[in-house]
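The lines below spell out each chain.
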Amino acid sequence: MIITLKKKKLTFLQKIYIFEVVRGLMITMGHLIRNLTHPSRMMTVNFPEETKPIPKTHRSEHRLMLRPDGSIRCTACMLCQTVCPAYCIHIEAAEGAIPEKEKYPKAFTIDLLRCVYCGYCVEACPCDAIRMDTGKLVDACYKREDFIKDIDYLKANHPKGLNPISEAIY
Ligand code: SF4
Ligand code: SF4
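Residues numbered from 1 in each chain as written. Chains lettered and ligands numbered in written order. Predicted model: local features only at pLDDT ≥ 70, side-chain atom pairs only at ≥ 80, totals over all residues.

Novice: Honestly, the overall build of the protein in this entry has me stumped. Any pointers?
Specialist: Scanning the protein from terminus to terminus reveals five helices and five strands. Each helix (α) and strand (β) of the protein, taken in turn from the N terminus, gives the series α-α-β-α-β-β-α-β-β-α. Since a compact globule built from 170 residues should have a radius of gyration of about 15 Å, the 26 Å found for the protein marks it as more spread out than a globular shape. Viewed in the frame of its principal axes, the protein has a C-alpha envelope of about 85 × 50 × 35 Å. By residue count, 14% of the 170 residues in the protein fall in the buried class. In the protein, the share of contacts with a sequence separation of at least 24, taken over all contacts with a separation of at least 6, comes to 68%. (Helix = DSSP H or I, 4+ residues; strand = E, 2+ residues; numbered from the N terminus. Rg over C-alpha atoms; globule rule 2.2 N^0.38 Å. Buried ≥ 20, exposed ≤ 12 C-beta atoms within 10 Å, placed from the backbone. Contact = placed C-beta atoms within 7 Å.)

Novice: Sorry if this is basic, but what is going on with the site of ligand 1 here?
Specialist: Around ligand 1, 13 residues are found, and the nearest of them are Cys 84, Cys 115, Cys 118, Tyr 120 and Cys 121. In the shell around ligand 1, the residues fall into 12 nonpolar, one polar and no charged. (Near = placed C-beta within 6 Å. Nonpolar A, V, L, I, M, F, W, Y, C, P; charged D, E, K, R; others polar.)

Novice: Sorry if this is basic, but what is going on with the site of ligand 2 here?
Specialist: Around ligand 2, a shell composed of 13 residues is seen, among which Cys 74, Cys 77, Leu 79, Cys 80 and Cys 125 lie nearest. Of the residues contributing to the shell around ligand 2, the split by class is 12 nonpolar, one polar and no charged.

Novice: Can you help me understand the nonpolar core in this one?
Specialist: Generally speaking, soluble globular proteins have nonpolar side chains that are buried together. In terms of nonpolar packing, the biggest core is built from 17 residues, with Leu 64, Cys 80, Ile 89, Cys 121, Cys 125, Ala 129 and Ile 130 touching the most fellow members. Here Ile 89 is in contact with Cys 80, Gln 81, Cys 84, Ile 110 and Cys 121, once residues within four sequence places are set aside. (Core = buried A, V, L, I, M, F, W, Y, C linked by C-beta atoms within 7 Å.)

Novice: When you look at the domain arrangement of the protein in this model, what are you seeing that I'm missing?
Specialist: Accessible area lost upon the coming together of the parts is a frequently used measure of interface size. Entries for the protein in the domain assignment read domain 1 (12-41) and domain 2 (63-156). The gap between the C-alpha centroids of domain 1 and domain 2 is 51 Å. (Domains from an automatic or database assignment.)

Novice: I would appreciate a short explanation of the pairing of strand β3 (residues 103-111) in the present structure.
Specialist: As a general feature of sheets, a regular strand has side chains that alternate between the two faces. Note: strand β2 (residues 89-95) against β3, seven bridges, orientation antiparallel. Among the inter-strand pairings, Ala 94 is bridged to a residue of β3, identified as Tyr 104. Bridge count between β3 and strand β5 (residues 148-149): two bridges; the pairing is antiparallel. Looking at β5, one finds that Asp 111 is bridged to Ile 148. (Pairing = 2+ DSSP bridges.)

Novice: Would you take a moment to explain the sheet that holds β3 for this structure?
Specialist: Neighbouring strands of a sheet are bound in pairs by backbone hydrogen bonds; such pairs are parallel or else antiparallel. Read across the sheet, three strands follow the order β2-β3-β5 without closing on themselves; strand pairing throughout is antiparallel. Bordering the open sheet on either side are β2 and β5, each of which pairs with just one other strand.

Novice: Help me understand unusual backbone geometry, please; the structure alone is not making it clear to me.
Specialist: Excluding glycine, residues mostly have negative phi values, and the peptide bonds linking residues are mostly trans. A cis amide bond links Phe 47 with the next residue in sequence, Pro 48, at an omega value of 5 degrees. With respect to the helices and strands, the residue Pro 48 is situated in the loop between α2 (18-37) and β1 (63-64). For Tyr 17, which is not glycine, the phi torsion reads 65 degrees and is therefore positive. Examined against the element boundaries, Tyr 17 turns out to sit in the loop between α1 (12-15) and α2.

If you want it as structure tokens, here you go:
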């Protein structure tokens, strides 16, 4: 369906533009004065010195959870790697201390350049071994390889105030 819009007729004051330019400048000045007199109501922050609080539900950088004995919770079941729509998780499994009981990840990497932060890996994990609650946004890096986070980084990626131990019973 074709919709034809009627062109709005400009008034004389709008046609000479000066009045509209002055009106635009007054709006800009109004915002400037409001920001100077009420800095707390400003929409922008002085990043990176200041940052806005990140909501608790925000999905941020991953971390691998630990058991109370300090060992990694991940059992290398590959569910997160399988469900990941961006194919950015790579796990290499190895036999644990009790081979007939469980495996553990010898290598666990996440390519944050490919990750779409969907959170499927967290949802799929059957043992609360991976979380995306660090509140850390991806840092700027010079090399692509620096965005690939390995198991040592993920195991230690527990910002201050977050417990690295998961109390899940499974
Ligand atoms: S958040 Fe989504 S895209 Fe990123 S690693 Fe997890 S499953 Fe893959
Ligand atoms: S993080 Fe969870 S889903 Fe992924 S391999 Fe480990 S146990 Fe399985």
